[in-house]
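So the chains spell out like this:
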Amino acid sequence: MKIEIVESYPTLSSRAAQIIAAAVEAKPTLVLGLPTGSTPVGLYEELVREHRAGRLALDRVTTFNLDEYVGLGPDHPDSYASFMRAHLFAHVNVTPDRTHIPNGVAEDPAQECERYEALIQQVGRLDLVVLGVGTNGHLGFNEPAAALHVRTHVAALSRETLATNFARVAALSPDTPLPPDVPRRALTMGIGTILQARRLLLLASGRPKAPVVAAMLRPTVTTQLPASLLHLHRDVTVLLDSGAAAEL
Ligand code: GLP
């Protein structure tokens, strides 16, 4: 694993954008895996800036998002489809039918996972997958478990993940039942789908990520810390700001 530590979140964002822009320049038909969450927001801002400055063309790039909530349609404000439109797709020249996100409202979620995985296999390997990491070590929505799914699948979301991702869950005491409008499951690329990519770029920012970053960089792998499985890949860059690197 190649570890790069930069001072601040803005520097992390521009460095990540630089890596992606260089990859697109080298291969304009790049197949890119994309994450959501707060970490990549600055990266997407940088990509929009680069595009507006005429330095980045994304029209021939194909994108596959890592995941989507089951039950949330593309127009739902909490869906990752909305997130991607708001932060990136509405502001750059991606070709809409080359941007892929699992359909959260597919009638049969398991079948949707098969369709999504088949689509990825059809374009061949993902060239570059950008990843965030959950505070519990999840990648996409591959949560810590005794066994992990290899391919795109329907995943149950842990209470910890829901509390991190939904302020209205964080506000509840842990034994209060979840509000009915909070998604319990997600469609996510599997750990094998991710590890099959040619190249991986994991971003982590801020002090709250420091324990999980230190844990994933120990030279052991366990399905109880899905991010540790990145050790098994030969081309991984872990890009950290000083907060996320504080326990190294
Ligand atoms: C979500 C996403 C992950 C993401 C993680 C970290 O659960 N499914 O792909 O990496 O959150 O999010 P954040 O960047 O907000 O810390």
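Scroll up to find the structure.
Residues numbered from 1 in each chain as written. Predicted model: local features only at pLDDT ≥ 70, side-chain atom pairs only at ≥ 80, totals over all residues. Heavy atoms only, no water.

Could you clarify how one ought to interpret the site of the ligand in this entry?
Close contacts around the ligand come from 13 residues, with S38, T39, D67, N165 and K209 the closest. One of the backbone N or O atoms of S38 is found 2.7 Å from an oxygen atom in the ligand. In this structure, an oxygen atom belonging to the ligand sits 3.0 Å away from a side-chain N or O atom of N165. Against a free-state accessible area of 390 Å², the protein chains account for coverage of 93% of the ligand. Judged by the proximity of its atoms to the pocket grid, the ligand belongs to the largest pocket. (Near = heavy atom within 4 Å. Polar contact = N/O pair within 3.5 Å; in protein donor to acceptor, adjacent residues only side chain to side chain. Areas by Shrake-Rupley, 256 points an atom, 1.4 Å probe, with all protein chains shown as cover. 1 Å grid on protein atoms, 1.4 Å probe; cavity = no way out; pocket = protein on both sides within 12 Å on 5 of 7 lines; lining within 4 Å. Sits in = over half its atoms within 2 Å of the grid points.)

Whenever I open this one, the pairing of strand 6 (residues 128-131) confuses me. Can you help?
Along a regular strand, successive side chains alternate from one face of the sheet to the other. Both faces of strand 6 are covered, namely the face carrying L128 and V130 and the face carrying V129 and L131. Of the pairings in the sheet, the one linking strand 2 (residues 31-34) to strand 6 comprises two bridges and is parallel in character. The residue bridging G33 from the neighbouring strand is V129, located in strand 6. Where strand 6 and strand 9 (residues 199-204) come together, four bridges link them in parallel fashion. The residue of strand 9 that forms the bridge with L128 is R199. (Buried < 20%, exposed > 50% of the residue type's maximum accessible area, 1.4 Å probe, protein only. Helix = DSSP H or I, 4+ residues; strand = E, 2+ residues; numbered from the N terminus. Pairing = 2+ DSSP bridges.)

Can you walk me through the packing of helix 1 (residues 9-26) against helix 2 (residues 41-52) in this structure?
The description of two helices packed together rests on the angle between their axes and the distance between the axes. Across the interface, helix 1 lies against helix 2 with an axial gap of 8 Å and an inter-helix angle of 55°. It follows that helix 1 is oblique to helix 2 by the angle criterion. For the crossing formed where helix 1 meets helix 2, the hand is right-handed. In this structure, helix 1 contributes Y9, S13, S14, A16, A17 and I20 to the contact, and helix 2 contributes V41, G42, L43, E46 and L47. (Axes fitted to C-alpha atoms, helices over the stretch in contact; angles between N-to-C directions. Parallel < 35°, antiparallel > 145°, perpendicular 65-115°, else oblique. Left-handed = near helix turned anticlockwise from the far one by under 90°. Contact = heavy atoms within 4.5 Å.)

Would you mind going over empty space enclosed by the protein with me for this structure?
In this structure the tally under the stated criterion is one cavity of 30 Å³ or more. In terms of lining residues, the largest cavity is bounded by L32, L34, L47, L58, V61, T63, L88 and V94. Of the residues contributing to the lining of the largest cavity, the split by class is seven nonpolar, one polar and no charged. (Points joined across faces, edges and corners; volume = space filled by probe spheres on them. Nonpolar A, V, L, I, M, F, W, Y, C, P; charged D, E, K, R; others polar.)

Is there a simple way to explain the sheet that holds strand 4 (residues 67-69) in this structure?
The strands making up a sheet associate through backbone hydrogen bonding, with each pair oriented either parallel or antiparallel. Spatial strand order, 4-8-7: three strands in an open sheet with antiparallel pairing. Bordering the open sheet on either side are strand 4 and strand 7 (153-156), each of which pairs with just one other strand. Between one strand axis and the next, the sheet turns by 30° as a mean value, whatever way the strands run. Across four bridges, the pairing between strand 7 and strand 8 (residues 185-188) is antiparallel. By the bridge assignment, A155 is partnered in strand 8 with A186.

Please clarify how the environment of E247 should be interpreted in this entry.
Along the chain, E247 turns up in the segment after strand 10 (236-241). The partly exposed category is assigned to E247, whose relative accessible area is 39%. Considered as a pair, E247 and K209 are 38 residues apart in the sequence and their alpha carbons are 9.4 Å apart. Beyond its immediate chain neighbours, meaning those up to four positions away, E247 contacts R207, A210, P211 and A214. Polar side-chain contacts of E247 include one of 3.1 Å to the side chain of R207.

How should the sheet that holds strand 3 (residues 62-65) be read in this particular structure?
Strands sit in the order 1-10-9-6-2-3-5 across an open sheet of seven strands; the sheet is parallel. Each edge of the open sheet carries a strand with a single partner, namely strand 1 (2-6) and strand 5 (99-100). Packed onto the sheet, helix 1 meets strand 1, strand 2, strand 6, strand 9 and strand 10 and runs at close to 165° relative to strand 9.

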